[in-house]
Structure formats: C-alpha cells, structure tokens
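Structure at a glance
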Amino acid sequence: MTLTELARAAEEIWAQWEKASGGVKTLEDLETARIQILGRKGRLTQLFSSLRDLPSQERAEAGKILNALKERIEEALAKKREVLAQGAQWERLARERYDFSLPGKWRPLGKLHPLTQVRLEIEEIFLRLGFDVASGPEIETEYYNFEALNIGPDHPARDEWDSFYLGEGVLLRTHTSPVQIRVMKERKPPVRIICPGRCYRRDNPDATHSPVFHQVELLWVEKGLTFAHLKWVIGEFVRAFFGPGYEMRFSADFFPFTEPSAQVHIRKKGTEKWLEIMGAGMVHPRVLEEVGYDPEEVTGFAFGLGIERMAMLRYGIEDIRLFWQNDLRFLSQF
Ligand code: DAH
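Calculation notes
Residues numbered from 1 in each chain as written. Predicted model: local features only at pLDDT ≥ 70, side-chain atom pairs only at ≥ 80, totals over all residues. Heavy atoms only, no water. Helix = DSSP H or I, 4+ residues; strand = E, 2+ residues; numbered from the N terminus. Rg over C-alpha atoms; globule rule 2.2 N^0.38 Å. Contact = heavy atoms within 4.5 Å. Areas by Shrake-Rupley, 256 points an atom, 1.4 Å probe, with all protein chains shown as cover. Near = heavy atom within 4 Å. Polar contact = N/O pair within 3.5 Å; in protein donor to acceptor, adjacent residues only side chain to side chain. Axes fitted to C-alpha atoms, helices over the stretch in contact; angles between N-to-C directions. Parallel < 35°, antiparallel > 145°, perpendicular 65-115°, else oblique. Nonpolar A, V, L, I, M, F, W, Y, C, P; charged D, E, K, R; others polar. Domains from an automatic or database assignment. Left-handed = near helix turned anticlockwise from the far one by under 90°.

1. Quick look at the overall build of the protein
The helix and strand tally for the protein stands at 11 helices and 10 strands. In terms of overall dimensions, the protein is more spread out than a globule: its C-alpha atoms have a radius of gyration of 44 Å, far above the 20 Å expected for 334 residues. For the protein, the C-alpha atoms occupy an extent of roughly 125 × 45 × 40 Å along the three principal directions. Taking the contacts inside the protein whose residues are at least 6 apart along the sequence as the reference set, 65% of them involve residues at least 24 apart. Of the roughly 19900 Å² of accessible surface on the protein, a fraction of 52% belongs to carbon and sulfur atoms.

The following block contains the structure:
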C-alpha cells in the first residue's frame, strides 16, 4: 500500500461513516458502527496495522492522517451518543408516565388506644378551662389513699378483699383521690388540677368491672367556691365531651372526703335513661385541715370519673374487657 492509497482509504472510511450515521437510531446501532470502524478488526484498526507496510519515511505522515481520522470519528461518535442518550431518556420518561388513578400501597398505620384518646381529650378540655395536669404514684400508702381522705379504718373499702395490698399499710391506689392530698400538701391555694391515672381494685373482671381501670380526678380549691361553680365546671365538661343536647342531674350521694357529695347523671334530651358519669362534691373541711388549709378561708370541690366509663358511654361499648384484649378489629375502629 502506498501513502496515497492509505489516504484514500482513510477518506473512504469517513465517507462510509457519514453515510451510515444517518441510519444509526439507537445506542446499540452506534456501538455496532463503532466496532466496525474502531474494533479489534475494525476498518481503521486494520488501516493502522498496514502502516508497517509503508516505507519508513512515509510512516509519520500516514500516522498523522490516521490519528486525525480516529480523533474525528471518536468525536462524531461521542456527539451521536449524546443525542441518542437524550432521546432514550425522553423515551423512558414517556414510557414511565405515572398513573395517579391507581390505588396506593396500603400501609398499616398505628393509632392511639381509645382510652388514651379519651384521656387526652378530657385533659384538653380542662387545660382550656385553666386546670393543670398533676400525677401521683400508683403504689400508695393507706394514709394518702384512705386516712387523709377521711376514710376511717372501719370503712369497707379498706378491706383487703377490695384493695390490692402490697405490704403493711401499702397498696395499689384504689382511686386517684390521693393525688388531691399530695398536690394540696405541696401547693398553696388556689389549686386547680386534674389527675388522670390508673387505679386498682380487687374486682373479678366482667362486662363492667376490671381490676385495673383509669380515673380522672379534678380538684379546685380557692376562696369563695360554691356548689354552683362545681355545677358550672361539670356542665362545661359534659357539653365539650358529649356535645350539646344533654341534660344533667345531681343526686345526693356519700363520699367520706366530700360534704355534700353528689352523683352526676346525664341524659340525652328526649330520652328516658339517666347515665351516671361521676362522683363529686365539696371538699370535706377535715380534708382541707389535714393538708394545712383553713376551711374558714378556702373552699373547694372535686370529682372523680372513670375513663373507661366515659369511653363506653361515648362509643356505646358494652364490655369493659374489650379495652384490654388488644383485638385489632375493636381497636382499629377508633
Ligand atoms: N374517688 C371516688 C371513687 O373512686 C370518686 C370521687 C368521688 C372522687 C367524689 C372525687 C369526689 O373527687 O369528689 O369512687
């Protein structure tokens, strides 16, 4: 081969590429074209190997021609590759169009337990009315659970058949009322708290009894409080929690730590049945004295309600045990 022949062959390779490049539509076509020219047995590669057939004084010149062609072709391939890649991208995007009308993937979502929801709702109502949330221990002494609340040693609630005793004078609290004592001993009036919490009684579980249950205690002590204030607060609560359209009724009751004491009932207007919602009353003067308050100076009122009972009334639940069974068919409804 002579230098002239080699130069012509090089031009030929370029002309062939130019002709073929119009038909290159995909990246695969491009790769085929590249191999045909630059591959191990490609046309340009072969031309490079024919360099050694040239007389040595022509080789440098021939090498220059071939290297220039190689560069040109590589540039052309790169440009083409860019165009094709962009086209492939558009094509992929068009193919992958999302269908927003398809149903999504369902993922189970956790929820708060219905009793927690109800407790938070009750807290919210009283926080808005200016009450603080207080708490106390679930393991109590007889002093806080009974004595300081004016529950005498012969009171039936003290019976070990009714309370879970952990030792001499120590028991699981049977109500949230001991928190009243703890808070009053710590603070000076005015005191305005609610205390939600767990309580324990030796009851056999049935549809309306559970050995563990929850109460919310309320206490407001200040100068000049009367039974009318108690009625107003409970009325606000009933309206916020159960909604409008309920009426309230107070009937006389007895609790050692309140005087007078009452039981509060509500009834949906237009229906027959009264439902008991809580025990309440004016804090007994002896309780106020016990914590160092002067009953001539301040008065107070309190109530205690059952969270399970509130939830059962609100949602029409008839068996308290459902709250503990962890049955998702029940829990997922709230
Ligand atoms: N501690 C009472 C109980 O467990 C409920 C109660 C009644 C609480 C009257 C009070 C109250 O604060 O004033 O049955």
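So, next bit.
2. Structural notes on the site of the ligand
In the neighbourhood of the ligand, 15 residues make up the surrounding shell, with H175, S177, R201, Q215 and E217 lying closest. The separation between an oxygen atom of the ligand and a polar side-chain atom of Q215 is 2.9 Å. A distance of 3.1 Å is found between an oxygen atom of the ligand and a backbone nitrogen or oxygen belonging to A302. Coverage of the ligand by the protein amounts to 90% of the 360 Å² it exposes when considered alone.

3. Focus: the packing of helix α2 (residues 27-38) against helix α4 (residues 56-95)
Any two packed helices are characterised by how steeply their axes cross, that is the angle between the axes, and by the distance between the axes. The N-to-C vectors of α2 and α4 enclose an angle of 170 degrees; their axes lie 10 Å apart at closest approach. The orientation of α2 with respect to α4, classified from their angle, is roughly antiparallel. Contacts between α2 and α4 involve L27, L30, R34, I37 and L38 from the first element and K70, I73, E74, L77, K80, R81, L84 and A85 from the second. Looking at the contact of α2 with α4 residue by residue, the class counts come to eight nonpolar, no polar and five charged.

4. Looking at the domain arrangement of the protein
Taken domain by domain, the protein comprises domain 1 (3-95) and domain 2 (114-331). For domain 1 and domain 2, the distance between their C-alpha centroids amounts to 91 Å.

5. Considerations on the packing of helix α5 (residues 114-128) against helix α8 (residues 227-242)
Where α5 contacts α8, the two axes come as close as 10 Å, and the packing angle between them is 135 degrees. As summarised for this structure, α5 and α8 are arranged oblique, according to the angle between their axes. Here the hand of the crossing between α5 and α8 comes out right-handed. In this structure, α5 contributes V118, E121, I122, I125, F126 and R128 to the contact, and α8 contributes V233, F237, A240 and F241. Along the lines of polarity and charge, the residues of the contact of α5 with α8 split into eight nonpolar, no polar and two charged.

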